[in-house]
Amino acid sequence: MSPYDSDPADRLVTPAADGEDQAVEAALRPRQLDEFIGQERVREQLSLVLQAARQRGSAPDHVLLSGPPGLGKTTLSMIIAAELGAPIRITSGPAIQHAGDLAAILSSLTEGEVLFLDEIHRMSRPAEEMLYMAMEDFRVDVIVGKGPGATAIPLELPPFTLVGATTRAGLLPPPLRDRFGFTGHMEFYAPAELQRVVHRSAGLLDVEIDPAGAAEIAGRSRGTPRIANRLLRRVRDYAQVKHDGRVSREIAAQALDVYEVDARGLDRLDRAVLDALLRLFGGGPVGLSTLAVAVGEESETVEEVAEPFLVREGLLARTPRGRIATAAAWRHLGLTPPAQGGRIGASAQSELWGDGSDGGKAG
Ligand SMILES: Nc1ncnc2c1ncn2[C@@H]1O[C@H](COP(=O)(O)OP(=O)(O)OP(=O)(O)O)[C@@H](O)[C@H]1O
């Protein structure tokens, strides 16, 4: 049987929002820039952009926010609108498949409104081209009719601010990227920042938590506030059912052990992949499809769901000859690596084992 027999999208550590997240996230979102934890550089730069626009009394430049899911792009867009005292309209690239969908949204914007376009890289090509003109000239050409009789009717738009969000700024076509006056790159959060996120959310959810309890949850949250908030809710359940509701380090660790999220934020699927790589293949190198068969998963699941975090944590490396475990992976699973010069080539080993560090922990 597969070690991971549920839908990978249902993982407790997935950075994408699930239904429960959506229901509670509104209550947990910081509302002002100075309530927004971490991302110092983006915050400072954005604060200047917004202050300058306020002083000039005009709409600020369009803003692009790039970074992995769950780091606060939607939250920041709402903060931008709040700081400008402007209304916000929220939509996403996949929801805009036709240029007409975009024209309908743009033509109903009010002056100074913020338009948040999540997953902007997933918009259709015709909509994207319409957006170029809208961003630059606050104007769109609405095409009426088809074929040789089609005519373009120009439509003036009120000045608005587009806030685009993307997980991959590199996927945006340069003409679109160039029309943003400011791009903020969101980074994974350091454990101390996530500890503050957990502490703040616990206060809003009326959960009594001590600093060590918040640190324990933070350490398992993969650098991502959405995951931190989700783990906090599961810890809250455990503390309430099994104890007196208060969260200490011990209670947080016990709760997250029940949910199989380990001290470093790996879940069952992550550990199954590492375990197979170490125990069955001596640390590699091993091909992706062989590794996937060994854990009873599809190659895509291993590659897209488990590996990115294992690579980011410095536990696994992708090499031309296959997947290789690092020294940190052996340590993390409490296993003894084979003697150097074994299955792994000497050069790959010295590269991966040289510094003895635990690799790039989020921060
Ligand atoms: N800096 C922060 N301080 C406190 N809470 C935060 C911060 N960033 C994000 N959060 C919380 O994390 C959750 C997810 O944030 P948000 O929805 O803004 O992420 P996102 O980057 O837009 O994700 P997606 O790309 O999946 O839409 C929200 O509940 C929000 O309250």
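Residues numbered from 1 in each chain as written. Predicted model: local features only at pLDDT ≥ 70, side-chain atom pairs only at ≥ 80, totals over all residues. Heavy atoms only, no water.

## Structural notes on the domain arrangement of the protein chain
As far as domains go, the protein chain holds domain 1 (39–185), domain 2 (191–258) and domain 3 (268–353). Computed from C-alpha atoms alone, the centre-to-centre distance between domain 1 and domain 2 is 35 Å. Listed as interface residues are 4 residues of domain 1 and, on the opposing side, 5 residues of domain 2. Both sides together, the interface formed by domain 1 and domain 2 hides about 320 Å², and carbon and sulfur atoms give 44% of it. Sorting the residues of domain 1 by area buried against domain 2 places E40, G70 and L71 first, and these three jointly supply 78% of that buried surface. Across the contact surface, domain 1 and domain 2 share 0 salt bridges. Linking domain 1 with domain 2 are 1 residue pair in polar contact (both at pLDDT 80 or more), by the criterion used here. Looking at the side of domain 1 that touches domain 2 residue by residue, the classes come out as 2 nonpolar, 2 polar and no charged. (Domains from an automatic or database assignment. Contact = heavy atoms within 4.5 Å. Buried area = accessible area lost by both parts, 1.4 Å probe. Salt bridge = Lys/Arg side-chain N within 4 Å of Asp/Glu carboxyl O. Polar contact = N/O pair within 3.5 Å; in protein donor to acceptor, adjacent residues only side chain to side chain. Nonpolar A, V, L, I, M, F, W, Y, C, P; charged D, E, K, R; others polar.)

## Quick look at the pattern of salt bridges
Working definition: two side chains of opposite charge can pair if their charged atoms are close together. A full pass over the atoms with the stated rule returns 26 salt bridges. Salt bridges here are not isolated pairs; linked through shared partners, they connect R11, R222, D267 and D270.

## A few points about the pairing of strand 4 (residues 139–144)
Judged from the 6 bridges that link them, strand 4 and strand 5 (residues 151–156) form a sheet pairing that is antiparallel. Pairing of I143 across the sheet is with A152, part of strand 5. Where strand 4 folds back on strand 5, the antiparallel hairpin that results is connected by 6 residues, among which G145 adopts a positive phi of roughly 85°. (Pairing = 2+ DSSP bridges. Helix = DSSP H or I, 4+ residues; strand = E, 2+ residues; numbered from the N terminus.)

## As for the UniProt feature "domain: AAA+ ATPase" (unreviewed entry) in the protein chain
Under the feature "domain: AAA+ ATPase" (unreviewed entry), the UniProt entry names residues 59–192. As annotated, residues 59–192 has a helix share of 30% and a strand share of 27%, and its two end C-alpha atoms lie 35 Å apart. (UniProt positions renumbered as here; feature names shortened; annotations may be inferred.)

## Comments concerning the nonpolar core
Of all hydrophobic cores here, the largest spans 47 residues; its most connected members are L76, I209 and I217. Looking at which element gives the most residues to this core, the answer is helix 9 (residues 225–242), with 7 residues. Here this core spans two domains, since at least three of its residues come from each of domain 1 (39–185) and domain 2 (191–258). Not counting residues up to four positions away in its chain, the partners in contact with I217 are V198, I209, A228, L231, L232, V235, A252 and L256. (Core = buried A, V, L, I, M, F, W, Y, C linked by side-chain atoms within 4.5 Å. Buried < 20%, exposed > 50% of the residue type's maximum accessible area, 1.4 Å probe, protein only.)

## Some thoughts on the sheet that holds strand 1 (residues 63–66)
Spatially, 2-3-6-1-7 is the arrangement adopted by the 5 strands of the open sheet, whose pairing is parallel. The open sheet has two edge strands with one neighbour each: strand 2 (88–92) and strand 7 (182–185). Across this sheet, the average inter-strand angle for adjacent strands is 15°, counted without regard to direction. Sheet topology note: the strand 3 (residues 114–118)/strand 6 (residues 161–166) ladder contains 4 bridges and is parallel. Counted as the bridge partner of F116 is V163 from strand 6. (Axes fitted to C-alpha atoms, helices over the stretch in contact; angles between N-to-C directions.)

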